[in-house]
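Letter by letter, the chains look like this.
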Amino acid sequence: GLVRRFAAASGFDAFYRSQSGYHAEVEEALREYLADKPVIDWFDTTFGRLRGASYRAVPGLLTGGHGFGTSAERRDGGLNVAAIVFLESPDPRGVPRPSARSLEFLVHELAHAYVNPIFDARVEAMRASALPLFREVERAMRAQAYTSYPIMVNESVVRAITLLFLRERATSADAERSLAEQRDLSFFWTGELADALDAERRRNSGRLEPQAIVDATQTVFTEWLDAH
(Lines give C-alpha, C1' and ligand atoms only; values in the text may rest on other atoms or scores of the structure.)
Protein backbone atom coordinates (compact mmCIF):
# COMPACT_ATOMS: atom_id res chain seq x y z
CA GLY A 1 0.00 0.00 0.00
CA LEU A 2 2.76 2.43 0.86
CA VAL A 3 4.54 1.69 -2.40
CA ARG A 4 1.36 2.35 -4.38
CA ARG A 5 0.87 5.63 -2.55
CA PHE A 6 4.46 6.65 -3.25
CA ALA A 7 4.09 5.78 -6.94
CA ALA A 8 0.97 7.89 -7.22
CA ALA A 9 2.34 10.87 -5.25
CA SER A 10 5.64 10.94 -7.13
CA GLY A 11 4.22 10.41 -10.60
CA PHE A 12 6.47 7.40 -10.94
CA ASP A 13 4.79 5.91 -14.01
CA ALA A 14 5.30 9.11 -15.96
CA PHE A 15 8.90 9.37 -14.78
CA TYR A 16 9.61 5.77 -15.79
CA ARG A 17 8.14 6.35 -19.25
CA SER A 18 10.28 9.46 -19.62
CA GLN A 19 13.40 7.32 -19.16
CA SER A 20 12.51 4.80 -21.87
CA GLY A 21 15.05 6.18 -24.33
CA TYR A 22 17.85 5.87 -21.78
CA HIS A 23 16.74 2.38 -20.79
CA ALA A 24 16.84 1.30 -24.43
CA GLU A 25 20.39 2.65 -24.88
CA VAL A 26 21.62 0.82 -21.78
CA GLU A 27 19.99 -2.43 -22.83
CA GLU A 28 21.38 -2.17 -26.34
CA ALA A 29 24.94 -1.58 -25.06
CA LEU A 30 24.81 -4.73 -22.95
CA ARG A 31 22.99 -6.73 -25.63
CA GLU A 32 25.51 -5.76 -28.30
CA TYR A 33 28.47 -6.66 -26.09
CA LEU A 34 27.06 -10.09 -25.22
CA ALA A 35 25.79 -10.93 -28.71
CA ASP A 36 28.89 -12.88 -29.77
CA LYS A 37 29.60 -14.40 -26.35
CA PRO A 38 27.67 -17.68 -25.97
CA VAL A 39 27.95 -17.92 -22.21
CA ILE A 40 25.00 -20.27 -21.71
CA ASP A 41 26.31 -22.66 -24.37
CA TRP A 42 29.55 -22.90 -22.41
CA PHE A 43 27.70 -23.73 -19.19
CA ASP A 44 25.46 -26.25 -20.94
CA THR A 45 28.52 -27.99 -22.38
CA THR A 46 30.40 -27.95 -19.08
CA PHE A 47 27.59 -28.88 -16.66
CA GLY A 48 24.70 -30.06 -18.81
CA ARG A 49 21.52 -28.07 -19.30
CA LEU A 50 19.46 -26.89 -16.37
CA ARG A 51 15.99 -28.29 -16.92
CA GLY A 52 13.52 -25.66 -18.07
CA ALA A 53 15.90 -22.79 -17.32
CA SER A 54 15.53 -19.28 -18.71
CA TYR A 55 18.20 -16.61 -18.42
CA ARG A 56 18.29 -12.83 -18.29
CA ALA A 57 21.02 -10.23 -18.00
CA VAL A 58 19.47 -7.18 -16.33
CA PRO A 59 21.24 -3.81 -16.34
CA GLY A 60 21.63 -2.67 -12.73
CA LEU A 61 20.56 0.95 -13.02
CA LEU A 62 20.47 1.41 -9.24
CA THR A 63 23.32 -0.86 -8.08
CA GLY A 64 26.29 1.45 -8.59
CA GLY A 65 29.48 -0.53 -9.15
CA HIS A 66 27.92 -3.70 -7.77
CA GLY A 67 25.53 -6.38 -8.97
CA PHE A 68 24.09 -9.70 -7.91
CA GLY A 69 22.53 -12.86 -9.20
CA THR A 70 19.26 -14.53 -8.38
CA SER A 71 17.33 -17.62 -9.36
CA ALA A 72 13.81 -18.77 -8.64
CA GLU A 73 12.01 -22.05 -9.23
CA ARG A 74 8.82 -21.74 -11.23
CA ARG A 75 5.66 -23.67 -10.47
CA ASP A 76 6.27 -25.80 -13.57
CA GLY A 77 9.63 -26.92 -12.13
CA GLY A 78 11.75 -24.75 -14.36
CA LEU A 79 14.23 -22.13 -13.21
CA ASN A 80 14.42 -18.40 -13.85
CA VAL A 81 18.05 -17.23 -13.62
CA ALA A 82 18.94 -13.55 -13.68
CA ALA A 83 22.17 -11.60 -13.32
CA ILE A 84 21.76 -7.95 -12.38
CA VAL A 85 24.85 -6.48 -14.05
CA PHE A 86 26.46 -3.24 -12.88
CA LEU A 87 26.95 -0.51 -15.48
CA GLU A 88 30.64 -0.68 -16.30
CA SER A 89 32.50 2.52 -17.22
CA PRO A 90 29.39 4.55 -18.07
CA ASP A 91 29.83 7.41 -20.50
CA PRO A 92 28.62 10.95 -19.67
CA ARG A 93 25.07 9.91 -20.58
CA GLY A 94 25.19 6.96 -18.19
CA VAL A 95 25.41 4.32 -20.94
CA PRO A 96 27.78 1.47 -19.99
CA ARG A 97 30.83 0.42 -21.95
CA PRO A 98 31.09 -3.28 -21.07
CA SER A 99 34.38 -5.14 -21.17
CA ALA A 100 35.70 -8.45 -19.91
CA ARG A 101 34.93 -7.30 -16.37
CA SER A 102 31.21 -7.28 -17.14
CA LEU A 103 31.56 -10.68 -18.80
CA GLU A 104 33.41 -12.03 -15.78
CA PHE A 105 30.72 -10.76 -13.45
CA LEU A 106 27.97 -12.31 -15.56
CA VAL A 107 29.72 -15.69 -15.65
CA HIS A 108 30.31 -15.56 -11.89
CA GLU A 109 26.66 -14.92 -11.12
CA LEU A 110 25.38 -17.52 -13.58
CA ALA A 111 27.78 -20.09 -12.16
CA HIS A 112 26.01 -19.91 -8.81
CA ALA A 113 22.90 -21.43 -10.41
CA TYR A 114 24.95 -24.53 -11.29
CA VAL A 115 27.35 -24.72 -8.33
CA ASN A 116 25.18 -23.87 -5.31
CA PRO A 117 22.75 -26.80 -5.67
CA ILE A 118 25.67 -29.23 -5.83
CA PHE A 119 27.16 -28.10 -2.53
CA ASP A 120 23.94 -27.17 -0.78
CA ALA A 121 23.15 -30.88 -0.94
CA ARG A 122 26.58 -31.80 0.44
CA VAL A 123 27.18 -29.38 3.30
CA GLU A 124 28.14 -32.06 5.81
CA ALA A 125 30.31 -33.90 3.31
CA MET A 126 32.40 -30.75 2.89
CA ARG A 127 32.78 -30.00 6.58
CA ALA A 128 36.02 -31.92 7.20
CA SER A 129 37.95 -30.18 4.42
CA ALA A 130 36.20 -26.81 4.31
CA LEU A 131 35.72 -25.83 7.94
CA PRO A 132 39.46 -25.85 8.82
CA LEU A 133 40.16 -23.81 5.70
CA PHE A 134 37.42 -21.34 6.57
CA ARG A 135 38.94 -20.86 10.01
CA GLU A 136 42.27 -19.96 8.41
CA VAL A 137 40.73 -17.14 6.35
CA GLU A 138 37.65 -16.40 8.43
CA ARG A 139 38.40 -12.75 9.08
CA ALA A 140 38.83 -11.99 5.37
CA MET A 141 35.75 -14.03 4.46
CA ARG A 142 33.53 -12.32 7.03
CA ALA A 143 34.70 -8.93 5.82
CA GLN A 144 33.13 -9.86 2.47
CA ALA A 145 29.91 -11.11 4.16
CA TYR A 146 30.91 -14.75 3.60
CA THR A 147 30.05 -15.84 7.10
CA SER A 148 30.20 -19.64 6.96
CA TYR A 149 32.18 -22.42 5.35
CA PRO A 150 29.32 -23.45 2.99
CA ILE A 151 29.25 -19.93 1.54
CA MET A 152 33.03 -20.00 1.16
CA VAL A 153 32.78 -23.33 -0.68
CA ASN A 154 30.23 -22.02 -3.16
CA GLU A 155 32.23 -18.85 -3.75
CA SER A 156 35.46 -20.79 -4.18
CA VAL A 157 34.08 -23.08 -6.86
CA VAL A 158 32.22 -20.28 -8.66
CA ARG A 159 35.43 -18.25 -8.83
CA ALA A 160 37.38 -21.24 -10.16
CA ILE A 161 34.70 -21.90 -12.80
CA THR A 162 34.82 -18.23 -13.79
CA LEU A 163 38.58 -18.44 -14.16
CA LEU A 164 38.18 -21.51 -16.39
CA PHE A 165 35.81 -19.55 -18.61
CA LEU A 166 38.15 -16.57 -18.84
CA ARG A 167 41.06 -18.79 -19.76
CA GLU A 168 39.05 -20.19 -22.66
CA ARG A 169 36.89 -17.29 -23.83
CA ALA A 170 38.79 -14.14 -22.84
CA THR A 171 42.44 -13.08 -22.98
CA SER A 172 45.24 -14.46 -20.85
CA ALA A 173 45.62 -10.97 -19.36
CA ASP A 174 41.97 -11.01 -18.25
CA ALA A 175 42.43 -14.43 -16.65
CA GLU A 176 45.61 -13.40 -14.86
CA ARG A 177 44.00 -10.20 -13.59
CA SER A 178 41.06 -12.15 -12.24
CA LEU A 179 43.32 -14.70 -10.55
CA ALA A 180 45.33 -11.95 -8.87
CA GLU A 181 42.14 -10.33 -7.63
CA GLN A 182 40.89 -13.60 -6.15
CA ARG A 183 44.14 -14.01 -4.25
CA ASP A 184 43.82 -10.44 -2.96
CA LEU A 185 40.38 -11.43 -1.66
CA SER A 186 41.95 -14.42 0.19
CA PHE A 187 40.67 -17.04 -2.25
CA PHE A 188 44.27 -18.17 -2.48
CA TRP A 189 43.46 -21.60 -3.94
CA THR A 190 41.49 -20.38 -6.99
CA GLY A 191 44.17 -21.25 -9.52
CA GLU A 192 44.75 -24.74 -8.14
CA LEU A 193 41.02 -25.42 -8.02
CA ALA A 194 40.54 -24.23 -11.60
CA ASP A 195 43.36 -26.54 -12.69
CA ALA A 196 41.82 -29.48 -10.83
CA LEU A 197 38.38 -28.89 -12.31
CA ASP A 198 39.86 -28.53 -15.78
CA ALA A 199 41.63 -31.87 -15.35
CA GLU A 200 38.37 -33.53 -14.30
CA ARG A 201 36.61 -32.00 -17.27
CA ARG A 202 39.22 -33.26 -19.71
CA ARG A 203 38.95 -36.77 -18.27
CA ASN A 204 35.20 -36.70 -18.86
CA SER A 205 34.97 -35.45 -22.45
CA GLY A 206 34.43 -31.83 -21.51
CA ARG A 207 31.84 -32.35 -18.77
CA LEU A 208 32.01 -31.69 -15.05
CA GLU A 209 29.94 -34.09 -12.98
CA PRO A 210 28.79 -33.06 -9.48
CA GLN A 211 30.76 -35.68 -7.58
CA ALA A 212 33.92 -34.92 -9.54
CA ILE A 213 33.54 -31.24 -8.61
CA VAL A 214 33.11 -32.15 -4.94
CA ASP A 215 36.09 -34.54 -4.94
CA ALA A 216 38.36 -31.99 -6.65
CA THR A 217 37.32 -29.26 -4.23
CA GLN A 218 37.94 -31.42 -1.17
CA THR A 219 41.37 -32.40 -2.47
CA VAL A 220 42.44 -28.83 -3.27
CA PHE A 221 41.24 -27.55 0.11
CA THR A 222 43.09 -30.28 1.99
CA GLU A 223 46.29 -29.88 -0.04
CA TRP A 224 46.26 -26.10 0.38
CA LEU A 225 45.93 -26.41 4.15
CA ASP A 226 48.70 -29.01 4.29
CA ALA A 227 50.98 -26.72 2.32
CA HIS A 228 50.26 -23.62 4.39
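Refer to the structure above for everything that follows.
Residues numbered from 1 in each chain as written. Predicted model: local features only at pLDDT ≥ 70, side-chain atom pairs only at ≥ 80, totals over all residues. Heavy atoms only, no water.

K.L.:
Can you lay out the pairing of strand S3 (residues 79-86) for me, pointing to particular residues and giving the numbers?
P.N.:
Here S3 lies mainly inside the structure; seven of its eight residues are buried. Sheet topology places strand S2 (residues 68-73) next to S3; six bridges connect them, and they run antiparallel. Paired with Glu-73 across the bridge in S3 is Leu-79. As consecutive antiparallel partners, S2 and S3 are separated by five residues, and within that stretch Gly-77 has a phi angle of approximately 95°, a positive value. (Buried < 20%, exposed > 50% of the residue type's maximum accessible area, 1.4 Å probe, protein only. Helix = DSSP H or I, 4+ residues; strand = E, 2+ residues; numbered from the N terminus. Pairing = 2+ DSSP bridges.)

K.L.:
Just give me the short version of the nonpolar core, but keep the residues and values in it.
P.N.:
Counting 57 residues, the largest nonpolar core has Phe-43, Phe-119, Met-152, Ile-161, Trp-189 and Leu-197 as its most contacted members. Looking at this core, the element that brings in the most residues is helix H5 (residues 100-120), giving 12 residues. Beyond its immediate stretch of four places on either side in the chain, Leu-197 contacts Val-157, Ala-160, Ile-161, Leu-164, Leu-208, Ile-213 and Ala-216. (Core = buried A, V, L, I, M, F, W, Y, C linked by side-chain atoms within 4.5 Å. Contact = heavy atoms within 4.5 Å.)

K.L.:
Go over the packing of aromatic side chains, please, and point to the residues and values.
P.N.:
On inspection of all chains with the given rule, the structure shows 14 aromatic pairs. Both rings, one in Phe-47 and one in Tyr-114, keep their centres 5.2 Å apart while their planes meet at 35°; by these two values the pair is tilted. With a gap of 67 residues between them, Phe-47 in helix H4 (residues 39-47) and Tyr-114 in helix H5 connect regions that are remote in the sequence. Pair check on accessibility: Phe-47 and Tyr-114 agree, each one buried. Ring geometry for Trp-189 versus Trp-224: centroids 5.4 Å apart, planes at 75°, classification edge-to-face. Residue Trp-189 is found in the loop between helix H9 (172-184) and helix H10 (190-203), and its partner Trp-224 is found in helix H11 (residues 210-227); the two are separated by 35 residues along the sequence. Accessibility expressed as a relative area gives 13% for Trp-224, which makes it buried. Aromatic rings pair up to connect Tyr-146, Phe-187, Phe-188, Trp-189, Phe-221 and Trp-224 into one cluster. (Phe/Tyr/Trp six-rings, centres within 6.5 Å; stacked < 30°, edge-to-face > 60°.)

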